[in-house]
Structure formats: C-alpha cells, structure tokens
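Observations on chain architecture
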Amino acid sequence: LAKTTQPISMDSYEGQEVNITCSHNNIATNDYITWYQQFPSQGPRFIIQGYKTKVTNEVASLFIPADRKSSTLSLPRVSLSDTAVYYCLVGDRPGGFKTIFGAGTRLFVKA
Amino acid sequence: DVKVTQSSRYLVKRTGEKVFLECVQDMDHENMFWYRQDPGLGLRLIYFSYDVKMKEKGDIPEGYSVSREKKERFSLILESASTNQTSMYLCASSLQGAKNLNTEAFFGQGTRLTVV
C-alpha cells in the first residue's frame with residue numbers, strides 16, 4: 001500500500017480557501033485517493049475521492065496531477081466548524097481492504 | 001440515514017479482564033473494520049472482515065481477536081486487557097464493491113476504552 005505524507009498541522013482564517021497537499025510517491029495504477037475529516041471524539045467522515053484530474057462535490061475539490069504522486073484537497077471559504085483533522089488515504093479499494101490512515105493534518109481555523 | 005453503532009462510548013476495565021466491543025451496521029455492508037486511534041499515530045487497523053465468519057489481520061492484531069457471526073455485527077475481543085490497550089476504538093463498514101469501484105467507509109462514534 002502506498003504511504004502518504006501530509007503536513008502535521010495548518011492554520012487558516014475564516015473565509016479563506018485552504019489547500020492541503022498529500023504526497024503519495026508510490027501510488028499504484030489501481031489506487032484511488034480518498035480524504036476523510038475527523039472532529040474530536042467522532043469517527044472519520046468521508047469527504048471526497050478521486051482517481052485523476054479534478055473532482056468536486058458540495059464540500060471540497062480534489063486536484064490530482066497527471067503523475068498522481070500527490071493530491072490536493074481544497075476547502076473553499078473555511079469556517080470555524082472546519083477545524084478538524086484531515087486524512088489522505090491511498091488504496092485500490094477505497095474504504096475496502098486495509099484502508100491505511102496516516103497521522104493526518106490538523107487544520108485550525110481562526111476567527 | 002446510514003449508521004454504524006458501537007455499543008459503548010466509554011468503558012473502563014481492569015487489567016486481565018476479557019473485553020468485548022460490539023459494532024453493528026444497518027447498511028448491509030460486506031466489509032467491517034476495527035481500528036484503534038492513539039495521539040500522534042492516527043488510525044491503525046486491527047482486524048477487518050469482508051464476509052460473515054471471514055477475518056483478516058490488520059497491522060496490529062496482537063492481543064485482539066474478532067468475531068463476525070452475522071453480517072451486521074463485528075465484535076472486537078481483548079482476551080486479557082492490558083494498560084497499553086487503553087485507546088479510542090473505531091469500527092467502520094463499507095460496501096465491498098467491484099474492483100476499482102469507489103466505496104466510502106462509514107465510521108461509528110468510537111469507544112474510549114481505559115484499562116486500569
């Protein structure tokens with residue numbers, strides 16, 4: 001399984017766009033990239049998933065360059081409630097076998 | 001609304017006790033997982049199951065066992081609890097899906113276990 005590397009923490013202000021980049025140099029051809037969000041004392045929650053180029057949903061966008069060795073989660077106009085830990089995962093069966101979570105990025109949004 | 005329910009939010013057990021953590025999902029998912037989460041270590045996979053009575057070890061299975069007698073229920077068992085098993089335990093489930101088909105995992109609220 002491909003290992004992922006993310007920044008340990010990031011700070012932002014309300015209303016700003018936040019981009020969290022994840023490196024996955026050993027990503028395999030069949031691997032998908034998935035991002036989860038976790039609030040304190042709760043289980044992680046799925047945010048977005050992609051294979052290549054760009055994926056957008058009502059919560060976030062995911063940018064994946066052609067070589068797929070990294071990906072960027074983009075959160076538009078963050079609010080205080082977006083303060084959470086964000087996990088990047090890579091695997092061939094997202095949510096399936098052996099979904100490996102790294103340490104995640106702790107995002108702190110300030111007023 | 002999809003749901004993964006863990007039987008307890010908080011649990012305190014004594015060293016050497018046998019501990020059962022129960023997880024139930026109502027989404028007819030094939031896959032179920034147990035993770036533990038510790039500060040600075042993220043989530044680590046203990047065991048997973050892709051079908052009834054099927055189980056596979058994750059990254060840290062030592063000191064744990066699991067049981068999946070029914071599709072909706074996945075139990076984590078600490079045979080003889082030790083203080084280093086004090087942790088947050090998270091259960092998750094997902095559809096098996098076809099290969100390369102996106103499937104997201106749904107997590108329970110977690111059980112914070114303290115072993116004294």
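A short tour of the structure in this document, coming up. (Residues numbered from 1 in each chain as written. Chains lettered and ligands numbered in written order. Predicted model: local features only at pLDDT ≥ 70, side-chain atom pairs only at ≥ 80, totals over all residues. Heavy atoms only, no water.)

Here's the deal with the pairing of strand 11 (residues 111-115) of chain B
All names here are of chain B. Of the two faces of strand 11, the one lined by Thr111, Leu113 and Val115 is fully buried and the one lined by Arg112 and Thr114 carries no buried residue. Where strand 9 (residues 87-94) and strand 11 come together, three bridges link them in antiparallel fashion. Bridge pairing links methionine 88 to arginine 112 in strand 11. (Buried < 20%, exposed > 50% of the residue type's maximum accessible area, 1.4 Å probe, protein only. Helix = DSSP H or I, 4+ residues; strand = E, 2+ residues; numbered from the N terminus. Pairing = 2+ DSSP bridges.)

Side note on the pattern of salt bridges
All names here are of chain B. A full pass over the atoms with the stated rule returns seven salt bridges over all chains. In this structure, glutamate 22 and arginine 73 form a salt bridge, with 4.0 Å as the shortest nitrogen-oxygen distance. Placement of glutamate 22 in strand 3 (residues 19-25) and of arginine 73 in strand 8 (residues 73-78) is noted, with a sequence separation of 51 residues between them. Judged by its relative accessible area of 21%, glutamate 22 falls in the partly exposed class. Accessibility expressed as a relative area gives 37% for arginine 73, which makes it partly exposed. Put simply, Arg36, Asp38 and Arg44 are held in one network by salt bridges that share partners. (Salt bridge = Lys/Arg side-chain N within 4 Å of Asp/Glu carboxyl O.)

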